[in-house]
Amino acid sequence: RREGGTALNVIVIGGGQAGLAAGYHLRRAGVDFTILDAQPEPGGAWLHGWDSLRLFSPARHSSLPGWPMPRFPHEGYPTADHVVDYLASYEKRYELPVERSVRVRSVRRVEGGYDVDGRFADAVISATGTWWRPFIPAVARDLPGRHLHTVQYRNPQQLAGQRVVVVGGGNSGAQIAADLADHVDLTWITRRPPRYLPDEIDGKALFGIATQWPGGVGALGDIVAVPPVRDARDRGLLVARPMDRRLVADADTVIWCTGFRPALDHLAPLNLRDRNGHVHAGPRLHPLGYGDWTGPASATLIGVGPTARAAVAELVRT
Ligand code: FAD
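What you see is a predicted model; the values in this text were computed from it and never measured. (Residues numbered from 1 in each chain as written. Predicted model: local features only at pLDDT ≥ 70, side-chain atom pairs only at ≥ 80, totals over all residues. Heavy atoms only, no water.)

Colleague: I'd like to hear about helix H1 (residues 17-28), residue by residue, with values.
Modeller: Between its first and last C-alpha, H1 extends 17 Å over twelve residues, near the 16 Å set by a 1.5 Å rise per residue. With ten of twelve residues buried, H1 is to be regarded as a mostly interior element. If you check which residues of H1 are buried, you get Gln 17, Ala 18, Gly 19, Leu 20, Ala 21, Ala 22, Gly 23, Tyr 24, His 25 and Leu 26. Residues of H1 that are buried sit in contact with strand E1 (9-13), strand E2 (32-36), helix H2 (80-93), strand E3 (98-99), strand E7 (123-126) and helix H7 (304-317). Positive phi appears at Gly 30, one or two residues downstream of H1, with a value of about 75°. (Helix = DSSP H or I, 4+ residues; strand = E, 2+ residues; numbered from the N terminus. Expected span 1.5 Å × (residues − 1). Buried < 20%, exposed > 50% of the residue type's maximum accessible area, 1.4 Å probe, protein only. Contact = heavy atoms within 4.5 Å.)

Colleague: So what's going on with the pairing of strand E5 (residues 113-116)? Which residues, and what values?
Modeller: Bridge analysis of strand E4 (residues 107-110) against E5 gives four bridges, and the strand direction is antiparallel. Across the sheet, Val 110 pairs through a bridge with Gly 113, a residue of E5. In this antiparallel pair of consecutive strands, E4 and E5, the connection spans two residues, and Gly 112 shows a positive phi of 80°. Here E5 runs beside strand E6 (residues 119-121); their pairing, made up of three bridges, is antiparallel. In the strand pairing of E6, Val 116 is matched with Arg 119. (Pairing = 2+ DSSP bridges.)

Colleague: Quick rundown of the site of the ligand? Include the residues and the values.
Modeller: Taken together, 29 residues surround the ligand, and among them Gln 17, Asp 37, Ala 45, Phe 56 and Leu 301 come closest. Between Ala 45 and the ligand, the recorded distance is 2.8 Å, taken from a backbone N or O atom to an oxygen atom. With respect to the ligand, the backbone of Leu 301 contributes an N or O atom lying 2.8 Å from an oxygen atom. The residue makeup of the shell around the ligand, split by class, is 16 nonpolar, eleven polar and two charged. (Near = heavy atom within 4 Å. Polar contact = N/O pair within 3.5 Å; in protein donor to acceptor, adjacent residues only side chain to side chain. Nonpolar A, V, L, I, M, F, W, Y, C, P; charged D, E, K, R; others polar.)

Colleague: Could you give an account of the side chain of Asp 37, naming the residues involved and the relevant values?
Modeller: Along the polypeptide, Asp 37 turns up in the loop between E2 and H2. The contact partners of Asp 37, leaving out residues within four places of it in the chain, are Gly 14, Gly 15, Gly 16, Val 98, Glu 99, Arg 100, Ser 101 and Val 102.

Colleague: Any details on the packing of H1 against H7? Residues and values, ideally.
Modeller: Contact pair H1 / H7: the axes reach a minimum separation of 9 Å and the direction vectors enclose 50°. Regarding the angle of H1 to H7, the classification is oblique. At the point where H1 passes H7, the crossing takes the right-handed sense. Across the interface between the two elements, Gln 17, Ala 18, Ala 21, Ala 22, His 25 and Leu 26 of H1 pack against Val 304, Gly 305, Ala 308, Arg 309 and Val 312 of H7. (Axes fitted to C-alpha atoms, helices over the stretch in contact; angles between N-to-C directions. Parallel < 35°, antiparallel > 145°, perpendicular 65-115°, else oblique. Left-handed = near helix turned anticlockwise from the far one by under 90°.)

Colleague: Can you explain the sheet that holds strand E9 (residues 163-167)? Please cite residues and give values.
Modeller: Through backbone hydrogen bonds, the strands of a sheet pair up, either in parallel or in antiparallel fashion. Reading across the sheet, the five strands line up as E8-E12-E9-E10-E11 and stay open at both edges, with parallel pairing between neighbours. The open sheet terminates on both sides in strands that have one partner only, identified here as strand E8 (146-149) and strand E11 (240-241). As judged from the four bridges shared by E9 and strand E12 (residues 253-256), these two strands associate in the parallel manner. In the strand pairing of E12, Val 166 is matched with Ile 255.

Colleague: A description of the sheet that holds E2 should follow, citing residues and the corresponding values.
Modeller: One open sheet holds the five strands; their spatial order is E3-E2-E1-E7-E13, and the pairing between them is parallel. Of all the strands in the sheet, just E3 and strand E13 (285-287) have a single pairing partner and so form its edges. As defined by bridge partners, E2 adjoins E3 across two bridges and the pair is classed as parallel. Bridge pairing in E3 links Ile 35 to Val 98.

Written as structure tokens, this is what we have:
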């Protein structure tokens, strides 16, 4: 234990942006902690997005606590590689103790704290993200053809010349449809007509909206009109249709951009899930970064800091 620190010993599960933001605040509070991350290298889910994926906001509006993301030296918003470099440098800069290639299987309650796969912790912050639990609706099971999820999509070359159906009216669906529109025979299926946020709203305004607007971002729209989406939409290439099983059945490939669920299997022994599959903060247990239910905009780079700070303050106080 460091001198002047608290007597707490915290395990953070997950070393993506949320785990690092928690680490920053734990370090500042003088708490002993370890971050356990399943992957062999830094970057969290940003290591796995499709090739053309970019942030929906400029670097300075995509920063973790303490150290702003460096300027992106090229045209447009930062690429996923730029985010990965930032996360790797952030971890080094604050000397965050991350153990890599460590996948936590189970967290159990024991006298005075938690047993995390055989290690004792007074408290646990769970920051394992959602990328690892892609969600595909049950209807896909009886449909023929090749089915992919957002997590398996890389680039248009992978599907060149095919009949491709993209399902989903959120950001991933719109961005992947826009990425493919010039290269494949595209059908875009959405449950309701696409709801674009006003063109001038990008990620930098989203945090304010998420924290101050009644109903959050969802009350205004589902899709951030990032430049490639705006361009494809304005050229008339993003025509959305309602679900039609025949269209899906006729496709060579269907890409289900139908979202994610929180990766919380390791917390199953605690038996704390509500009927939405969420686990709420309990005694010395904080889920972090999974969605607005863990803090407003906490599933974004700029939004996770305040929630991480509040979680650490709560741990230290109690
Ligand atoms: P992750 O990045 O998923 O990190 C979790 C880490 O925990 C991973 O390294 C994982 O391997 C590890 N892990 C998982 N399970 C275990 C386990 N059992 N034991 C140990 N380790 C485990 N946000 C923005 O701010 N701006 C954007 O432009 C933006 N664009 C996005 C675009 C897409 C397509 C998506 C899906 C999300 C986007 N987001 C954006 C949202 C958000 O920033 C990312 O989803 C981000 O990766 C979430 O970070 P995280 O740390 O919560 O989770």
